[in-house]
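# Reading the structure
Residues per chain are reported as follows:
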Amino acid sequence: MADFIGEKLEKDLATKEVYFYYDDANKIKQISRENYKKIDQIVHYPRGFEGGSKYKTIKKFIYKGFKNNLPVGVVKAVSYGWGFTKSLNPFAFYINENYDIDEVIIEKSGKIKLDIPNKKLYLNEIVLSNLNSSFSDIYKKNKEEVDSVLKINLYKLFPSEITKPEKTYIANALATSLSAWGNNIDEFSDADKNAIKDLFEKLSIDTDFLSNEALAKTKEIVDNKYIQQTLKKYKELIALKTESESLEKQWQEFLKDNSWIFSSIFAQPVILYKKEAYVGGKTIDNSNGKFNDFLIKNSLSDNVSFLEIKTHKTKMLEKTAYRGDDVYSASKDLTGSIVQVLNQRDNFQKEFYATKIKSMQNGNLETFNSKCVVLIGSTKDLDSNQKYSFELFRSNSRDVEILTFDELQEKIESLQKVMTGK
């Protein structure tokens with residue numbers, strides 16, 4: 001008589017049928033399946049290739065409400081030993097190795113829960129389908145990547161005999177990779193970042209993939225992120241405690257790199273025309289030339305403006321009161337900066353026509369009572385009496401606007417609030 005391999009009905013009870021699996025050649029006999037008669041429930045006992053338990057701790061799979069039509073992601077044939085399908089092996093082995101789970105309960109439209117105290121794992125058909133799709137995509141991606149690498153290397157080895165493989169994108173590869181992203185930009189390499197930039201540029205320019213609404217939302221997100229980064233750098237600079245020439249240079253470089261801030265300073269659409277621009281004033285021996293920190297141009301009228309910057313630590317008032325306890329004199333740095341920027345404007349206007357002709361190659365310039373701004377100090381370093389004196393002085397400075405670094409920070413923060421709606 002031939003050896004038997006398969007299931008046999010071992011017990012036919014009032015509530016259920018109990019099946020055992022037999023493999024006479026390998027002397028295997030063990031419980032395999034239970035079919036319940038009065039409720040829609042099936043129990044599988046996962047079996048290893050050589051008999052015994054298939055998993056380290058999981059003893060049985062309980063299916064509820066499927067009417068003998070089991071979901072994807074589980075083995076439906078007794079010959080393969082029940083349990084999870086091959087595509088879900090990573091999930092099964094992880095659960096098996098890390099948690100002491102006795103039973104896997106899969107119920108149609110049922111709950112999802114890892115019940116560690118009671119050693120039970122609850123799943124439903126939707127979760128199994130999602131898991132199956134995710135791991136299947138990974139297996140397909142890996143196989144196609146191996147095939148691609150194989151073809152590329154074969155072509156390199158035998159270019160005369162092997163056709164050069166075409167570049168093809170593996171569907172779902174991007175989605176699979178990004179599903180593991182922890183939302184931290186530091187996780188991306190420089191190559192990743194450049195690839196994302198190139199992809200976004202191609203999708204934005206060469207295709208209709210991104211709608212106007214999506215582009216507008218993306219621009220809003222990028223603008224908000226850019227302002228956040230600008231504010232972060234701004235706050236780092238304004239937190240520096242020591243006044244120095246290098247600090248002034250740092251502020252100059254910061255403003256040059258973030259020239260959009262000039263529109264907040266001048267309250268008009270302006271562009272940075274030139275950093276450290278020559279504005280005239282040389283003598284016959286070519287000395288004493290005047291250089292302005294920033295020459296700003298109105299993008300609509302071409303009218304120029306002059307910006308002189310110091311640092312947030314530059315003193316705006318003298319330390320001791322000039323009279324009583326509430327009258328303070330402006331510091332030498334403040335008055336010197338005002339005179340300096342007025343002198344630069346005066347020299348520029350006197351030599352305007354010569355300067356204009358020389359500048360034609362870089363764009364037209366005009367000077368209509370050009371505005372002057374001095375960016376200096378911080379009101380947070382002043383007490384109430386000093387603030388009173390400073391505001392008196394500032395409000396009477398008619399030809400030069402005086403702006404402090406903490407006030408400029410508030411302007412940028414206000415812009416951020418407008419854009420974010422917060």
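You'll find the structure just up there.
Residues numbered from 1 in each chain as written. Predicted model: local features only at pLDDT ≥ 70, side-chain atom pairs only at ≥ 80, totals over all residues. Heavy atoms only, no water.

### Structural notes on the overall build of the protein
For clarity, the threshold we go by: Strands are runs of DSSP state E lasting at least two residues, helices are runs of H or I lasting at least four, and both sets are numbered from the N terminus onward. The classification of residues rests on relative accessible area computed with a 1.4 Å probe and restricted to protein chains. Under 20% of the type maximum is buried, over 50% is exposed, and intermediate values are partly exposed. Between two residues, a contact is recorded if the distance between any of their heavy atoms is within 4.5 Å. With residues, only the protein chains shown are counted as cover, and all accessible areas are computed by Shrake-Rupley using a 1.4 Å probe.
Each helix and strand counted, the protein has eleven helices and 13 strands in total. Counting only residues that meet the buried cut, the protein has 36% of its 422 residues in that class. Here the contacts in the protein between residues at least 6 apart in sequence split such that 53% fall between residues at least 24 apart. Summed over all atoms, the accessible surface of the protein reaches about 26,000 Å², with 53% contributed by carbon and sulfur.

### Topic: the pattern of salt bridges
To keep things clear, this is the line we draw: A pair is scored as a salt bridge if a Lys or Arg side-chain nitrogen falls within 4 Å of a carboxyl oxygen belonging to Asp or Glu.
A full pass over the atoms with the stated rule returns 17 salt bridges. Of the charged contacts, one joins Arg-345 and Asp-399 as a salt bridge, the two residues approaching to 3.6 Å between their closest N and O atoms. Residue Arg-345 is found in helix H8 (residues 332-350), and its partner Asp-399 is found in the loop between helix H10 (384-395) and strand E13 (400-403); the two are separated by 54 residues along the sequence. Judged by relative accessible area, Asp-399 falls into the partly exposed class, the value being 46%.

### Some thoughts on the environment of Lys-64
Among the structural elements, Lys-64 can be located in strand E5 (residues 60-64). Dropping the residues within four chain positions of it, Lys-64 is found in contact with Asp-40, Gln-41, Ile-105, Ile-106, Glu-107 and Lys-108.

### What about the packing of aromatic side chains?
The test is simple: Ring pairs are drawn from Phe, Tyr and Trp, using the six-membered ring of Trp, whenever the two centres fall within 6.5 Å, and their geometry is named by plane angle: stacked under 30 degrees, edge-to-face over 60, tilted for the rest. Only when the NZ atom of a Lys or the CZ atom of an Arg is both within 6 Å of the ring centre and within 35 degrees of the ring normal do we say a charge sits over the ring.
Counted by the stated rule, this structure contains ten aromatic pairs. Taking the centre distance of 4.9 Å and the plane angle of 75 degrees together, the rings of Phe-61 and Phe-84 count as edge-to-face. On the criterion of sequence distance, the pair formed by Phe-61 in strand E5 and Phe-84 in the loop between E5 and helix H1 (89-98) is long-range, its members being 23 residues apart. Pair check on accessibility: Phe-61 and Phe-84 agree, each one buried. Taken together through their ring pairs, the aromatic side chains of Tyr-55, Phe-61, Tyr-63, Phe-84 and Phe-91 make up a single cluster. Taking NZ or CZ as reference, Lys-8 lies 4.7 Å from the ring centre of Phe-4, over its face. Over the face of the ring belonging to Tyr-22 we find Lys-8, whose NZ or CZ atom lies 4.8 Å from the ring centre.

### What to know about H1
Stated formally: This arc is taken over the directions from the axis of the helix to the C-beta atoms.
Three or more residues of H1 are buried, namely Phe-91, Ala-92, Ile-95 and Asn-96. With its buried residues spanning 125 degrees around the axis, H1 presents them on a single face. The inward-facing, buried residues of H1 abut strand E8 (120-123) and helix H2 (125-157).

### Observations regarding the sheet that holds strand E7 (residues 113-115)
Our working definition: The pairing criterion for strands is at least two bridges between them, as found by DSSP. A fitted line through C-alpha atoms serves as each axis, taken over the contacting stretch for helices, and the angle formed by two N-to-C directions is quoted from 0 to 180°.
Overall, mixed pairing links the eight strands, which are arranged E1-E2-E3-E4-E5-E6-E8-E7 in an open sheet. Of all strands in the sheet, those with a lone pairing partner are strand E1 (5-12) and E7, marking the two edges. For this sheet, the mean angle separating the axes of adjacent strands, direction not counted, is 20 degrees. Where E7 lies against E8, three bridges are found, and the strand directions are antiparallel. Along E8, the bridge assignment pairs Asp-115 with Lys-120.

### Notes on unusual backbone geometry
The backbone of Trp-82 shows a phi angle near 60 degrees, a positive value even though the residue is not glycine. The class of Trp-82 is buried, set by a relative accessible area of 4%. Even without glycine at this site, Lys-119 takes up a positive phi of about 60 degrees.

### Digging into the nonpolar core
For clarity, the threshold we go by: By nonpolar core we mean a set of buried residues, namely Ala, Val, Leu, Ile, Met, Phe, Trp, Tyr and Cys, connected to one another through side-chain atoms within 4.5 Å.
Counting 22 residues, the largest nonpolar core has Phe-61, Tyr-63, Phe-84, Phe-91, Val-104, Ile-106 and Leu-123 as its most contacted members. Elements that contribute at least two residues to this core include exactly E5, H1, strand E6 (103-107), E8 and H2. Broken down by element, the residue count for this core peaks at four residues, all from H2. Beyond its immediate stretch of four places on either side in the chain, Phe-61 contacts Ile-42, Val-43, His-44, Pro-46, Tyr-55, Gly-83, Phe-84, Val-104 and Ile-106.

### Some thoughts on the side chain of Glu-125
Inclusion rule: Under this definition, polar contacts are N or O atom pairs within 3.5 Å; protein pairs additionally need one hydrogen-donor-capable and one acceptor-capable atom, and for neighbouring residues in sequence, both atoms have to be side-chain atoms.
Secondary-structure assignment places Glu-125 in helix H2. Engagement of the side chain of Glu-125 in a polar contact is seen with the backbone nitrogen of Ser-109, the distance being 2.8 Å.

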